[in-house]
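Read off the chains here:
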Amino acid sequence: MTDIATFVTDSTLIAVFGIAIGVLGPAIAMGWSISRALEAISRQPEAENSIMRTLFIGLAMIESLAIYVLVIVLIVLFRNPLMEYLVK
């Protein structure tokens with residue numbers, strides 16, 4: 001295989017592992033926060049509106065981390081700055 005083919009294959013594999021690891025953290029955090037919110041609602045049902053509002057804001061923040069990972073992986077895959085050095 002040529003240098004470019006090897007580089008593209010390696011960067012694709014690394015991107016797959018990167019997105020797998022990068023999404024694992026937010027997924028665990030979402031599951032943990034939802035379970036804690038349900039536990040809090042079961043203890044204090046009258047505070048449901050406040051708990052749900054805070055939960056949704058927290059989930060949006062956690063989801064933004066997964067979106068950042070996706071954006072960085074797409075940049076590495078489709079506009080890799082190291083590719084310019086191999087083409088020369």
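My aim in this report is to walk through the structure given alongside it, one point at a time. (Residues numbered from 1 in each chain as written. Predicted model: local features only at pLDDT ≥ 70, side-chain atom pairs only at ≥ 80, totals over all residues. Heavy atoms only, no water.)

A word on the nonpolar core
In terms of nonpolar packing, the biggest core is built from five residues, these being Ala-37, Ile-41, Ile-51, Leu-55 and Leu-59. Of all the secondary-structure elements, those providing two or more residues to this core are helix 1 (3-43) and helix 2 (48-78). Take this core: its biggest share by element is three residues, from helix 2. In this view, Ile-51 contacts Ala-37, Ala-40, Ile-41 and Gln-44; residues no more than four positions away in its chain are not counted. (Core = buried A, V, L, I, M, F, W, Y, C linked by side-chain atoms within 4.5 Å. Buried < 20%, exposed > 50% of the residue type's maximum accessible area, 1.4 Å probe, protein only. Helix = DSSP H or I, 4+ residues; strand = E, 2+ residues; numbered from the N terminus. Contact = heavy atoms within 4.5 Å.)

Remarks on a nonpolar patch on the surface
A grouping of Ile-67, Val-71, Ile-72, Ile-75 and Val-76 is seen on the molecular surface, where their side chains present a nonpolar patch of about 410 Å² in accessible area. Within the element layout of this structure, Val-76 appears in helix 2. (Patch = residues over 30% accessible without salt bridge, like charges linked within 9 Å, V, L, I, M, F, W, Y side chains within 5 Å. Areas by Shrake-Rupley, 256 points an atom, 1.4 Å probe, with all protein chains shown as cover. Salt bridge = Lys/Arg side-chain N within 4 Å of Asp/Glu carboxyl O.)

Points about the side chain of Ser-33
Counting through the fold element by element, Ser-33 comes out in helix 1. Judged by its relative accessible area of 17%, Ser-33 is buried.

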